[in-house]
Amino acid sequence: QVQLVESGGGLVQAGGSLRLSCTASAGFILSINSMGWYRQAPGKQRELVANIRRGEADYADSVKGRFTISRDYAKNTVYLQMNSLKPEDTAVYYCNVRVWTVVGDLNDYWGQGTQVTVSS
């Protein structure tokens, strides 16, 4: 079973910064296809924030230029640096890791979620 441990959420004023991290671990060597971050605000659907695959990053339009995703391949860790935070960034942020199985399928794993609250 793959376990994801997130950290770094909290309360920050508008214009501030936070850094989220997520580390994936298992009792076997992980073959990771992609790592990313999603978020879900109250009353809204979960949405993709940023994803990194083969060194290439994709971002939601709402966070481009403010958020940066990065990955430490040796540590199976993904980071999300969030700058110039806005109240509308308030949400629970979930780490997502997509892992190859031995038969060539892809399985999705999710972190427990970390709350990010941006006050105006």
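First things first, this report covers the structure right here in the doc. (Residues numbered from 1 in each chain as written. Predicted model: local features only at pLDDT ≥ 70, side-chain atom pairs only at ≥ 80, totals over all residues. Heavy atoms only, no water.)

Observations concerning the nonpolar core
Nonpolar side chains tend to gather and get buried jointly when the protein is soluble and globular.
Here is step 1 of the chain: Residues Trp37, Leu80, Met82 and Tyr93 are the most contacted members of the largest nonpolar core, which totals 31 residues.
Here is step 2 of the chain: Those elements giving two or more residues to this core turn out to be strand S3 (18-25), strand S4 (32-40), strand S5 (47-53), strand S7 (67-72), strand S8 (77-82), strand S9 (91-100) and strand S11 (114-119).
Here is step 3 of the chain: Looking at this core element by element, the count peaks at five residues for S9.
Here is step 4 of the chain: Discounting chain neighbours no more than four positions away, the residues touching tyrosine 93 are Glu6, Leu20, Trp37, Tyr38, Arg39, Val49, Phe67, Leu80, Met82, Gly113, Thr114 and Val116. (Core = buried A, V, L, I, M, F, W, Y, C linked by side-chain atoms within 4.5 Å. Buried < 20%, exposed > 50% of the residue type's maximum accessible area, 1.4 Å probe, protein only. Helix = DSSP H or I, 4+ residues; strand = E, 2+ residues; numbered from the N terminus. Contact = heavy atoms within 4.5 Å.)

Description of unusual backbone geometry
Here is step 1 of the chain: At arginine 54, a residue that is not glycine, the phi angle is positive and equals roughly 50°.
Here is step 2 of the chain: Structurally, arginine 54 is set in the loop between S5 and strand S6 (56-59).
Here is step 3 of the chain: Assessed through its relative accessible area of 71%, arginine 54 is described here as exposed.

A short note on the state of the cysteines
Here is step 1 of the chain: A full pass over the atoms with the stated rule returns one disulfide.
Here is step 2 of the chain: For cysteine 22, the disulfide goes to cysteine 95, at an S-S distance of 2.1 Å. Where cysteine 22 bonds to cysteine 95 through sulfur, the torsion about that S-S bond is close to -80°, and the disulfide is left-handed. You can see cysteine 22 sitting in strand S3 and its partner cysteine 95 sitting in strand S9, a full 73 residues away along the chain. Each of the two residues, cysteine 22 as well as cysteine 95, counts as buried. (Disulfide = S-S within 2.5 Å.)

As for the sheet that holds strand S1 (residues 3-7)
Here is step 1 of the chain: Strand order in the open sheet formed by four strands is S1-S3-S8-S7, with antiparallel pairing between adjacent strands. Lying at the two open borders of the sheet, with one neighbouring strand each, are S1 and S7. Each adjacent strand pair in this sheet contributes to an overall mean axis angle of 15°, direction not counted.
Here is step 2 of the chain: Bridge count for S7 against S8 is six bridges, and the pairing is antiparallel. Within S8, the residue paired with isoleucine 69 across the bridge is leucine 80. (Pairing = 2+ DSSP bridges. Axes fitted to C-alpha atoms, helices over the stretch in contact; angles between N-to-C directions.)

Concerning the side chain of arginine 66
Here is step 1 of the chain: Its location among the elements puts arginine 66 in the loop between S6 and S7.
Here is step 2 of the chain: In terms of polar contacts, arginine 66 uses its side chain to reach the backbone carbonyl oxygen of serine 84, at 2.9 Å.
Here is step 3 of the chain: Filtering out sequence-adjacent residues up to four positions away, arginine 66 remains in contact with Gln81, Met82, Asn83, Ser84, Leu85, Lys86 and Asp89. (Polar contact = N/O pair within 3.5 Å; in protein donor to acceptor, adjacent residues only side chain to side chain.)

Some thoughts on the packing of aromatic side chains
Working definition: an aromatic ring pair is given by the centre-to-centre distance plus the angle between the planes.
Here is step 1 of the chain: Tallied over the entire structure, the rule returns one aromatic pair.
Here is step 2 of the chain: When the ring of tyrosine 38 is compared with that of tryptophan 110, the centres are 5.0 Å apart and the planes differ by 70°; the resulting orientation is edge-to-face. Highlighted residues: tyrosine 38 in strand S4 and tryptophan 110 in strand S10 (residues 106-110), separated in sequence by 72 residues.
Here is step 3 of the chain: Over the ring of tyrosine 79 we find arginine 19; its NZ or CZ atom is 4.1 Å from the centre of that ring.
Here is step 4 of the chain: Lying over the aromatic face of tyrosine 94, arginine 46 brings its terminal NZ or CZ to 3.8 Å of the ring centre. (Phe/Tyr/Trp six-rings, centres within 6.5 Å; stacked < 30°, edge-to-face > 60°. Lys NZ or Arg CZ within 6 Å of the ring centre and 35° of its normal.)

Side note on the pattern of salt bridges
Here is step 1 of the chain: All chains considered together, the criterion is met by five salt bridges.
Here is step 2 of the chain: In this structure, aspartate 89 and arginine 39 form a salt bridge, with 3.0 Å as the shortest nitrogen-oxygen distance. Here arginine 39 lies in strand S4 and aspartate 89 lies in the loop between S8 and S9, a separation of 50 residues in the sequence. The residues aspartate 89 and arginine 39 share a single accessibility class, namely buried.
Here is step 3 of the chain: Linking aspartate 89 and arginine 66 is a salt bridge whose minimum nitrogen-to-oxygen distance equals 2.7 Å. Taken together, the positions of aspartate 89 in the loop between S8 and S9 and arginine 66 in the loop between S6 and S7 put the pair 23 residues apart, joining distant regions of the chain. (Salt bridge = Lys/Arg side-chain N within 4 Å of Asp/Glu carboxyl O.)

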